[in-house]
Amino acid sequence: MILQHQKDLFDLPEDITYLNIASQSPIFKAIYDAGINGLKQKSRPYTITGSDYFEPVTELKKLFAKLIEVDDYNRIATIPSVSYGIATVANNVTLNSGDEILVIDEQFPSNYYSWEKLAKKYNATIKTISAPNIETDRVKQWNENILEAITDKTALVAMGNIHWSNGSLFNLKNIRKKTTQHNALLVIDGSQSVGALPFSVKDIAPDALICAGYKWLFGPYGCAYAYFGSYFDNGTPLEENWGNRLDSENFTGLTNYQPKYKPLANRYCVGESGNFIYIKMQIEALKQVIEWTPKAIQDYCKSISAKAVEELKVLGCEIEDENYRTHHLFGIKLPENLNIAILKSALTEQNIFVSFRGNYIRISCHLYNTAEDFSKLVKCMTSVLAK
Ligand SMILES: Cc1ncc(COP(=O)(O)O)c(C=O)c1O
């Protein structure tokens, strides 16, 4: 499937060049309408029925399960943030003294602090795999270093499918193979890839996948998703919520306290998962992402950025080889002679939104962007270099 731009679905003004969905997505019209419907329902609470607390969440779990190729939607939990999901995983992992938790350099903090805490608790070690300081084959070598670092000491590997700040692609298939050989758990943060890059649980078989919902999945800020594999089937949730217990649909029996949880990952859902406003928005968002398909989104992003990538390289920017990075999100190392303060103010003046990190900028795009947006970025960069 080849997608055309979908600008008409969004409410982004013509003079805005938004290349920063990796920070926060805009929403499209169907999501906006769904949110309004949720608000209307809240305005008239007598229209809220018992099944409204459960059925929409089940529909949402089925959609996320479909997106990441999971057969049983009961393996999906709706959670409020990545930190909540990672804390849930960490809460169910027991280590031995001297074990290693492997993470990637400059990993997002919500996928770091819980590991630091867990390592402290069990006198284990955090092993961080840095990006090699080489010009060619940097990500290829990085992947090799990750594989080499997985040994019998490794208890758990926690990482993204890509690096959140520059789109470096990690070979999860090989990493899964090595972790299985050494009996280590694999926990993936899919926040910057799921939705815009194909991801299949059937293919990778992670022990857990945690994913923010407000970026590539177009959800409201405060929604996230988790997949839990069989290792977590009998685990302990962070909180004890009435809705996660068996037969909680039977409101009259709620105080016949129920010792059993609903099956599989349901126990890990955050309290008040049935949020009438959020869930309606999330359902519309995931339906559309599934219809677009992550593969076609990735291809579209490649098609609108390819020319600009070449032009930026001519200007002296460094961009990772396209076989080792994603197209929906990538880093640009700025030329040494470029004044970052001037670039920042020029971008602001021209309403071009990107993310800055030291002498890098992170570009992230979607179907509301066009090649014209990238031309504007190149033009802006060219004019700053000429100053
Ligand atoms: C890789 C990654 N993980 C997680 C998050 C968000 O974490 P949380 O939901 O805990 O705020 C982000 C936000 O930018 C991210 O880039």
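Residues numbered from 1 in each chain as written. Predicted model: local features only at pLDDT ≥ 70, side-chain atom pairs only at ≥ 80, totals over all residues.

Draft legend 1. Examining the domain arrangement of the protein more closely. For the protein, the assigned domains are domain 1 (7–27 + 293–385) and domain 2 (35–291). Computed from C-alpha atoms alone, the centre-to-centre distance between domain 1 and domain 2 is 28 Å. Each partner contributes to the interface: domain 1 provides 20 residues, whereas domain 2 provides 19 residues. Of all the secondary-structure elements, those providing two or more residues to the side of domain 1 that touches domain 2 are helix H9 (294–314), strand S9 (329–333) and strand S12 (360–364). (Domains from an automatic or database assignment. Contact = placed C-beta atoms within 7 Å. Helix = DSSP H or I, 4+ residues; strand = E, 2+ residues; numbered from the N terminus.)

Draft legend 2. Looking closely at helix H5 (residues 138–149). Taking 1.5 Å as the rise per residue, H5 with twelve residues should run 16 Å; its terminal C-alpha atoms sit 16 Å apart, in good agreement. All of the buried residues in H5 are Val139, Trp142 and Asn143. Viewed along the axis of H5, the buried residues span an arc of 100°, placing them on a single side of the element. (Expected span 1.5 Å × (residues − 1). Buried ≥ 20, exposed ≤ 12 C-beta atoms within 10 Å, placed from the backbone. Arc of directions from axis to C-beta.)

Draft legend 3. Spatial organisation of the packing of helix H2 (residues 55–67) against helix H8 (residues 276–292). Two elements in contact, H2 and H8, have axes separated by 9 Å at closest approach and are oriented at 25°. By the angle between their directions, the pair H2 and H8 is classed as roughly parallel. Relative to H8, H2 is oriented so that their crossing is left-handed. For the pair H2 and H8, contact is made by Pro56, Val57, Glu59, Leu60, Leu63, Phe64, Lys66 and Leu67 and by Ile279, Lys280, Gln282, Ile283, Leu286, Lys287, Val289 and Ile290, respectively. Each residue belonging to the contact of H2 with H8 can be placed in one class, and the counts come to eleven nonpolar, one polar and four charged. (Axes fitted to C-alpha atoms, helices over the stretch in contact; angles between N-to-C directions. Parallel < 35°, antiparallel > 145°, perpendicular 65-115°, else oblique. Left-handed = near helix turned anticlockwise from the far one by under 90°. Nonpolar A, V, L, I, M, F, W, Y, C, P; charged D, E, K, R; others polar.)

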